[in-house]
Amino acid sequence: MTETATTPTVRSPAEPTAALGGAGLFTVLLAAALPLIDFFIVNVALPTMGKDLHASEAVLELVVAGYGVAYAVLLVLGGRLGDLFGRRRLFLGGMAAFGLTSLACGLAPSAWTLVAARIAQGAASAAMLPQVLATIQATTTGARRAKAMSMYGATAGLSMVVGQILGGVLVAANIAGTGWRSVFLVNVPVVVVGLVLAARRVPDTRSPHPEPVDGPGTVLLAASLLTLLLPLTEGRAAGWPLWTWLALAAFPFVAGAFYAVERRADRLGRTPLVPPSLLALASLRRGLVMIVPFSIGFSGFMFVIAVALQRGEGLGPVAAGMALAPMAAVFFVVSLCGPRLVARYGTRVVTAGGIVQFAGVALITLAAWRSWPHLGLLDLMPGAALAGGGQALQLPILFRIILSEVPAARAGVGSGVMVTTQQSSLALGVATLGTLFLALIPGLGMRDALVTTLLVQAAGVILTAGLSLRLPRTIV
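Residues numbered from 1 in each chain as written. Predicted model: local features only at pLDDT ≥ 70, side-chain atom pairs only at ≥ 80, totals over all residues. Heavy atoms only, no water.

A. Layout of the overall build of the protein. Counting secondary structure elements, the protein contains 19 helices and zero strands. Buried residues in the protein amount to 56% of all 476 residues. A sequence separation of at least 24 residues applies to 84% of the contacts in the protein between residues at least 6 apart. Carbon and sulfur atoms make up 70% of the accessible area of the protein, which totals about 18,100 Å². (Helix = DSSP H or I, 4+ residues; strand = E, 2+ residues; numbered from the N terminus. Buried < 20%, exposed > 50% of the residue type's maximum accessible area, 1.4 Å probe, protein only. Contact = heavy atoms within 4.5 Å. Areas by Shrake-Rupley, 256 points an atom, 1.4 Å probe, with all protein chains shown as cover.)

B. View of the nonpolar core. Core analysis: the largest hydrophobic core is formed by 106 residues, its most contacted members being Val132, Ile136, Tyr152, Met418 and Phe437. Those residues in contact with tyrosine 152 that lie beyond four places of it in its chain are Leu29, Ala32, Leu129, Val132, Leu133, Ile136, Phe399, Met418 and Val419. Core analysis: the second largest hydrophobic core is formed by 25 residues, Ile37, Ala55, Val59 and Leu60 among them. (Core = buried A, V, L, I, M, F, W, Y, C linked by side-chain atoms within 4.5 Å.)

C. Molecular detail of the pattern of salt bridges. Using the criterion set out here, one finds three salt bridges in the structure. Two residues, arginine 181 and aspartate 52, come together in a salt bridge whose shortest N-O distance is 3.8 Å. Of this pair, arginine 181 sits in the loop between α6 (142–173) and α7 (182–185) while aspartate 52 sits in helix α2 (residues 46–53), and the two are 129 residues apart along the sequence. Two residues, aspartate 448 and arginine 447, come together in a salt bridge whose shortest N-O distance is 3.0 Å. Judged by its relative accessible area of 28%, arginine 447 is partly exposed. (Salt bridge = Lys/Arg side-chain N within 4 Å of Asp/Glu carboxyl O.)

D. Main features of the packing of aromatic side chains. Applying the stated criterion across every chain, the model contains seven aromatic pairs. An angle of 70° between the planes, with centres 5.0 Å apart, marks the rings of phenylalanine 39 and phenylalanine 40 as edge-to-face. Judged by relative accessible area, phenylalanine 39 falls into the buried class, the value being 2%. Between tyrosine 152 and phenylalanine 399, the aromatic rings sit 5.3 Å apart at their centres with planes inclined by 55°, giving tilted as the arrangement. Of this pair, tyrosine 152 sits in helix α6 while phenylalanine 399 is found in helix α17 (residues 395–403), placing the two residues 247 residues apart along the sequence. For the pair shown, tyrosine 152 and phenylalanine 399 are each scored as buried. By way of ring pairs, the aromatic residues Phe39, Phe40, Phe294 and Phe298 are connected into one cluster. (Phe/Tyr/Trp six-rings, centres within 6.5 Å; stacked < 30°, edge-to-face > 60°.)

E. Quick look at a positive patch on the surface. The grouping of Arg263, Arg264, Arg267 and Arg270 at the surface amounts to a positive patch. Mapped onto the secondary structure, arginine 270 falls in the loop between α10 (242–267) and α11 (276–279). For arginine 270, a relative accessible area of 51% gives the class exposed. (Patch = residues over 30% accessible without salt bridge, like charges linked within 9 Å, V, L, I, M, F, W, Y side chains within 5 Å. Lys, Arg positive; Asp, Glu negative; His and termini not counted. Charge placed at Lys NZ, Arg CZ, Asp CG, Glu CD.)

F. Local environment of a nonpolar patch on the surface. Where nonpolar side chains cluster on the molecular surface, the patch consists of Val169, Val318, Met322 and Leu377 and spans about 280 Å² of accessible area. Topologically, valine 318 is positioned in helix α13 (residues 317–322).

G. Structural context of the confidence of the model for the protein. Here the protein shows a mean pLDDT of 85. Residues at 70 or above account for 95%. When the elements of the protein are averaged for pLDDT, α13 gives the smallest value, 78, and helix α4 (residues 87–106) the largest, 94. (pLDDT = per-residue confidence, 0-100.)

H. Spotlight on helix α8 (residues 187–201). In this model, α8 (15 residues) spans 20 Å end to end at C-alpha, consistent with the 21 Å of a helix rising 1.5 Å per residue. Regarding α8, the residues found buried are Asn187, Val191, Gly194 and Ala198. Viewed along the axis of α8, the buried residues span an arc of 65°, placing them on a single side of the element. Where α8 is buried, its residues contact α1 (22–40), α4, α5 (111–139) and α7. (Expected span 1.5 Å × (residues − 1). Arc of directions from axis to C-beta.)

I. Region of the structure containing the environment of isoleucine 136. Within the fold, isoleucine 136 resides in helix α5. For isoleucine 136, a relative accessible area of 0% translates into the label buried. C-alpha separation for the pair isoleucine 136 and valine 349, spaced 213 residues apart in sequence, amounts to 23 Å. With near-sequence residues (within four places) excluded, isoleucine 136 lies in contact with Leu20, Leu25, Val28, Arg145, Ala148, Met149 and Tyr152.

Written as structure tokens, this is what we have:
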């Protein structure tokens, strides 16, 4: 691609795009792991952060929510900007910003400085992550794309579990006296390596017909997500002040206005931020619907189990994190088998995964009910292993299904929509299941609150298994 002083020259649809090699795929998958690791890495570090920074529970909630909300709000815009200005350019800029904001988090002198740095870190993630999927879509085809998408899904799922484990290990290791700060500082050398690799190994792509940014749609999407996510994540810790109820009441109206504006823009031949025509793709629409309860249950479980093991069982951060090691190990192994299983059995593998995950959650619930307050790692191991295997048969395959029919020219938009849905649902999981768990503790006690919350999650797993029956039987 070349540029003149007046008119940008874009690659024509027929012009071949450089293939994504093994080193390039490793680099983009590394970038895909970082934002998800950082969403979960703070779960087991929050108690230490609170003591060191003298932060209230409401401010600590913002350390989690500020990152998640900024990330979710800006993801679709990040995908559109990558289509418009070049995906490698946004990828490199987003990764560099992620490294700098991670450094700012690690050096934060106060709780509110940490909150501001986390918001900026979420914005950096939103610039970087959509380019990962868009690059894979634009530079791979056929079996190679299927393998790359499966590896992306496996990386995403594994990162969410490993993030919590890594957080516990780093806090306990207290490297050079950094304590909780190491959970952010560890990103800096990883980002430096990633930038060097990306500059050399990640091909530059962009949409052959880049679409301009949809200003009204961007503002209304951001307002929709903010009016939903911010009050739900902050409401309990802040005591449910009036603004939280006003924001929730405004959400359906703002969301309705967003849909109306996007539909009108699409009808007039303009370029909406989230084209309704994209949602007409059955594989994308049905996959997105299934991602919501799956991600809510996943993130809610991770948050609740971290709190229960540390506050209720009195485990340290390492033990609390390592309780999920069987889930991570089995997820990794089973996810490698996903492409072969899908080739043979189609998307019914996802339904089977829901059944296996339900069995795992049921075993964890039974262990908590029987063994509390002496719930050990051996008690959790069978259920965690089964749950991890079931999740591995769902998440990587869902990602493939959702993007299977998205045109390459709209790869950035499609990936942005998918990751926004996932990230918003992850934030909702912490807000809803986490709030339910913490609200039940005073009346029911830690054990019954945990069991009740796990039963709610199990109901969500049943819902995802039922929704999977509507997925296309095969993947394009």
